[in-house]
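Each chain, written out:
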Amino acid sequence: MDRRLLSLLTILALGRVGYAAGPEVEYPSGFRQWAHVKSMVIYSDKHPLFGQFGGFHSVYVNPKGLPAMTKGGSFPDGSVLVFDLLEAREENGAYVEGSRKLIGVMVKDRQRYKVAGGWGFEAFKGDSRTERTVTDATAECFACHQKQKANDFVYSGFRP
Ligand code: HEC
């Protein structure tokens, strides 16, 4: 094999080390203008997600993923789902939205994210568009979303 080609392939292979489930997921710019799927407050450790995702979250879907979210079926490539997690503050007998803790993102691309059911997973800290927190998407995200295989690895259902 041509030596330059070989070193190029080596660079490509090394570039993928450290992110077990495929290439980088883009920050989902403008997601607050997308369709709102549902919301939920996780406020106590009675809930299994409290440690990792305790707070007030809303789920959003981009226009590409909206038909699958509302009618069912598998999501087409280019679908993006966002889990927007805020602090839940207790105020005068109400739970109100506090500052943003993180956003979790799922991007559908069957080719790029083959190893994780066709979904790329990432989380961005607080309001940051660059501070990524996922180091092993398969272990940190897909291991749990895998249980939803029958629903294209998605938990949320659209609330009409
Ligand atoms: C222990 C299980 C678990 C783990 C680990 C987990 N999730 Fe989720 N995720 C859920 C559940 C349950 C929901 C649905 C929440 C709801 O109903 O409002 C969800 C919802 C989501 C959604 C909205 C779409 C959907 O499937 O409902 C995104 C996006 C998301 N998670 C991303 C991530 C990312 C990124 C990671 C890794 C950092 C991750 N998740 C790790 C259980 C998990």
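Reading guide: rules and limits
Residues numbered from 1 in each chain as written. Predicted model: local features only at pLDDT ≥ 70, side-chain atom pairs only at ≥ 80, totals over all residues. Heavy atoms only, no water. Core = buried A, V, L, I, M, F, W, Y, C linked by side-chain atoms within 4.5 Å. Buried < 20%, exposed > 50% of the residue type's maximum accessible area, 1.4 Å probe, protein only. Helix = DSSP H or I, 4+ residues; strand = E, 2+ residues; numbered from the N terminus. Contact = heavy atoms within 4.5 Å. Donors = N, O, S within 2.8 Å, 3.2 Å for Na, K, Ca; no water. Pairing = 2+ DSSP bridges. Axes fitted to C-alpha atoms, helices over the stretch in contact; angles between N-to-C directions.

Asker: How do you make sense of the nonpolar core when you look at a structure like this?
Answerer: Buried together is how nonpolar side chains tend to be arranged in soluble globular proteins. If you look at the biggest cluster of nonpolar residues, it comprises 18 residues, and the most contacted ones within it are Met 69, Phe 75, Leu 81, Met 106, Trp 119, Phe 121 and Val 154. Listing elements by their share of this core, those giving two or more residues are strand S2 (55–61), helix H3 (66–71), strand S5 (119–125) and helix H4 (137–145). Contact partners of Leu 81, with chain neighbours within four places excluded, come to Tyr 60, Val 61, Met 69, Phe 75, Gly 104, Val 105, Met 106, Trp 119 and Val 154. Membership of the second largest hydrophobic core comes to 12 residues, among which are Phe 31, Val 80, Val 105 and Phe 124.

Asker: Would you take a moment to explain the coordination of the iron atom of the ligand for this structure?
Answerer: Under ideal tetrahedral coordination, the four donors around a metal are separated by 109.5 degrees; under ideal octahedral coordination, the six donors are separated by 90 or 180 degrees. Protein coordination of the iron atom of the ligand is limited to a single donor, His 145 (NE2), positioned at 2.2 Å. Within the fold, His 145 resides in helix H4.

Asker: Quick question: what am I supposed to make of the sheet that holds strand S1 (residues 35–42) here?
Answerer: Strands belonging to one sheet form pairs held by backbone hydrogen bonds; the direction of such a pair is parallel or antiparallel. Here we have 5 strands laid out as an open sheet, ordered S1-S2-S3-S4-S5, and antiparallel in their pairing. Because the sheet does not close on itself, it has two edges, and the strands there are S1 and S5. On average, each strand axis in the sheet is tilted by 25° relative to the strand beside it, whichever way the strands run. Inspection of the sheet shows S1 paired to S2 by 7 bridges, in the antiparallel sense. When the sheet's bridge partners are listed, Ala 35 is paired in S2 with Val 61.

Asker: Which parts of the structure should I look at to understand unusual backbone geometry?
Answerer: The general pattern is negative phi for most residues beyond glycine and trans for most peptide bonds. Not every positive phi belongs to a glycine, and Asp 152 is a case in point at roughly 55°. Assignment of secondary structure puts Asp 152 in the segment after H4. The backbone phi angle of Phe 153 is positive, close to 70°, even though this residue is not glycine. Here Phe 153 shows up in the segment after H4. Here Phe 153 falls in the buried class, since its relative accessible area comes to 8%.

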